[in-house]
Amino acid sequence: MNFDEKYTKIKSLVADDLYKIENNLTDFYCGCDELQENLINIIKAPSKRIRPLLALLYLKMYGKEITYEQIEIQSAVELIHNATLIHDDVIDKSPKRRNNQTINETFDNSLAVVTGDFLLSVAIQKLLNVKSCNILHFFSIAIKRMSLGEISQYFNRFKLITFDEYLDKCRYKTAELFIASLISSASIAGIDLNKTKDFAKRFGISFQIRDDLLNFTETNSDKPNNNDIKDGIYTAPMIFAKDIQNIDYGIEKTKELLDNYFNRVQKCLVNAPDNKYKQAIIELTEILKI
């Protein structure tokens, strides 16, 4: 089986709950029919939904029920993620996202920024529905750190940062939303938060390393090959290579790094219950390796 077939098989284990989340993502009205249609097309476009998928598998691995509150949390996670993508498209001047025209391309940058902000407000309302100050705290930290990660990236353009600085950026930009997603769900399900946070952090960092590696090895309509280098964003391949002429070496070292980090994710599950959901998470880490 290829990647898509394996990924679809993993998603099938929690298909009913993912369907509930999908239906819960667009229960809003943005005030304009034309924008509403564009926004729903972007949100509903085919997507991995990896954050809610991981959370659902994690909860079911521990035998926990997927409640209304869990659906609200994971819907909020996806809305926050989509809001950041809309803002990213403005920053990157991207004309397409998931084979749809971006909001900034269809309308303009100003409306796109406000639309991203609107989605954040919808996400916050869903978190309020859960009626937990702790969960609001988790997400306020995540959104703050995600912003700080982007700010740091801006001011470090065309600089060869240290490896520790790179890992910090991976955590802030990507892992923090995985952490908020998983520890929020774990907190209301009664699962150990420290173990959950460690697992989520390692998975999120791994996922960002993978994305950075794909920027050098894969071309798609959303993110052209090597655009990080052109924009002065020096990630793991460039940090290892130290010079663009040595980038093949950097790519190979980053592949080793990625395998190492996903292996660390698997080690976090050593004492977790053995069942099909745990095996699905392990399989997920395997297919995400490059």
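Bear in mind that the values here come from a model prediction, so they are computed numbers and not experimental data. (Residues numbered from 1 in each chain as written. Predicted model: local features only at pLDDT ≥ 70, side-chain atom pairs only at ≥ 80, totals over all residues. Heavy atoms only, no water.)

### Side note on the overall build of the protein chain
Phase 1: The helix and strand tally for the protein chain stands at 14 helices and two strands.
Phase 2: A compact globule built from 290 residues would reach a C-alpha radius of gyration of about 19 Å, and the protein chain, at 19 Å, matches this within 12%.
Phase 3: Overall, the protein chain is about 50 × 50 × 40 Å in size when its C-alpha atoms are taken along their principal axes.
Phase 4: The buried share of the protein chain, reckoned over its 290 residues, is 49%.
Phase 5: For the protein chain, long-range pairs separated by at least 24 residues make up 73% of all intrachain contacts whose partners lie at least 6 apart in sequence.
Phase 6: Carbon and sulfur atoms provide 50% of the accessible area of the protein chain, an area that totals close to 13,800 Å².
Phase 7: One way to put it: in the protein chain the 38 positive side-chain charges average out to a point 5 Å from where the 40 negative ones average out. (Helix = DSSP H or I, 4+ residues; strand = E, 2+ residues; numbered from the N terminus. Rg over C-alpha atoms; globule rule 2.2 N^0.38 Å. Buried < 20%, exposed > 50% of the residue type's maximum accessible area, 1.4 Å probe, protein only. Contact = heavy atoms within 4.5 Å. Areas by Shrake-Rupley, 256 points an atom, 1.4 Å probe, with all protein chains shown as cover. Lys, Arg positive; Asp, Glu negative; His and termini not counted. Charge placed at Lys NZ, Arg CZ, Asp CG, Glu CD.)

### Focus: the pattern of salt bridges
Phase 1: Applying the stated criterion to the full structure yields 15 salt bridges.
Phase 2: A salt bridge links Glu-256 to Lys-253; its shortest N-O distance comes to 3.5 Å. With Glu-256 and Lys-253 both in helix H13 (residues 247-267) and three residues apart, this pair spans about one turn of that helix.
Phase 3: Owing to a relative accessible area of 47%, Glu-256 belongs among the partly exposed residues under this scheme.
Phase 4: The partner of Lys-289 in a salt bridge is Glu-286, and the shortest N-O contact between them spans 3.2 Å.
Phase 5: A cluster of three or more residues bridged by salt bridges with shared partners is formed by Asp-17, Lys-20 and Lys-60. (Salt bridge = Lys/Arg side-chain N within 4 Å of Asp/Glu carboxyl O.)

### Some details on the packing of helix H5 (residues 68-92) against helix H8 (residues 133-155)
Helix-helix packing is characterised by the crossing angle of the two axes and by the distance between the axes.
Phase 1: Relative orientation of the contacting elements H5 and H8 amounts to 20°, with a least axis distance of 13 Å. As far as their axial angle goes, H8 and H5 are roughly parallel. For the crossing formed where H5 meets H8, the hand is right-handed. Contacts between H5 and H8 involve Ile-73, Val-77, Ile-80, Thr-84 and Asp-88 from the former and Ile-135, Phe-139, Ile-143, Met-146 and Glu-150 from the latter.
Phase 2: Broken down by class, the residue content of the contact of H5 with H8 amounts to seven nonpolar, one polar and two charged. (Axes fitted to C-alpha atoms, helices over the stretch in contact; angles between N-to-C directions. Parallel < 35°, antiparallel > 145°, perpendicular 65-115°, else oblique. Left-handed = near helix turned anticlockwise from the far one by under 90°. Nonpolar A, V, L, I, M, F, W, Y, C, P; charged D, E, K, R; others polar.)

### Looking at the nonpolar core
Phase 1: Core analysis: the biggest nonpolar cluster contains 86 residues, and Phe-139, Phe-203 and Ile-209 have the highest contact counts within it.
Phase 2: Considering each element in turn, this core owes the most residues, 12 residues, to helix H9 (residues 163-189).
Phase 3: Non-local contacts of Ile-209, meaning those with residues more than four positions away in its chain, are made with Tyr-166, Leu-167, Cys-170, Thr-254, Leu-257, Leu-258 and Tyr-261. (Core = buried A, V, L, I, M, F, W, Y, C linked by side-chain atoms within 4.5 Å.)

### A closer look at the side chain of Asp-17
Phase 1: In this fold, Asp-17 is placed in helix H2 (residues 15-24).
Phase 2: Relative accessible area serves as the criterion here: at 8%, Asp-17 is assigned to the buried category.
Phase 3: With sequence-adjacent residues up to four places away left out, Asp-17 is seen in contact with Leu-56, Lys-60, Ile-66 and Ile-71.

### Comments concerning the packing of aromatic side chains
Phase 1: Taken as a whole and judged by the stated rule, the model has 12 aromatic pairs.
Phase 2: Residues Phe-3 and Tyr-7 carry aromatic rings whose centres are separated by 5.7 Å and whose planes lie at 15° to one another, so their mutual orientation is stacked. Placement of both Phe-3 and Tyr-7 in helix H1 (residues 3-12) is noted, with a separation of four residues, approximately one turn of the helix.
Phase 3: Since its relative accessible area comes to 5%, Tyr-7 is described here as buried.
Phase 4: Ring centres 5.8 Å apart and planes at 65° place the aromatic pair Phe-178 and Phe-207 in the edge-to-face group. Of this pair, Phe-178 sits in helix H9 while Phe-207 sits in helix H10 (residues 193-217), placing them 29 residues apart in sequence. The same class applies to Phe-178 as to Phe-207, namely buried.
Phase 5: In this structure an aromatic cluster arises from ring pairing among Tyr-58, Tyr-62, Phe-178, Phe-199, Phe-203, Phe-207 and Phe-262.
Phase 6: Residue placement shows Arg-157 over the ring face of Tyr-154; its charged tip is 4.0 Å from the ring centre.
Phase 7: It is Arg-264 that lies over the ring of Tyr-261; its NZ or CZ is 4.6 Å from the centre. (Phe/Tyr/Trp six-rings, centres within 6.5 Å; stacked < 30°, edge-to-face > 60°. Lys NZ or Arg CZ within 6 Å of the ring centre and 35° of its normal.)

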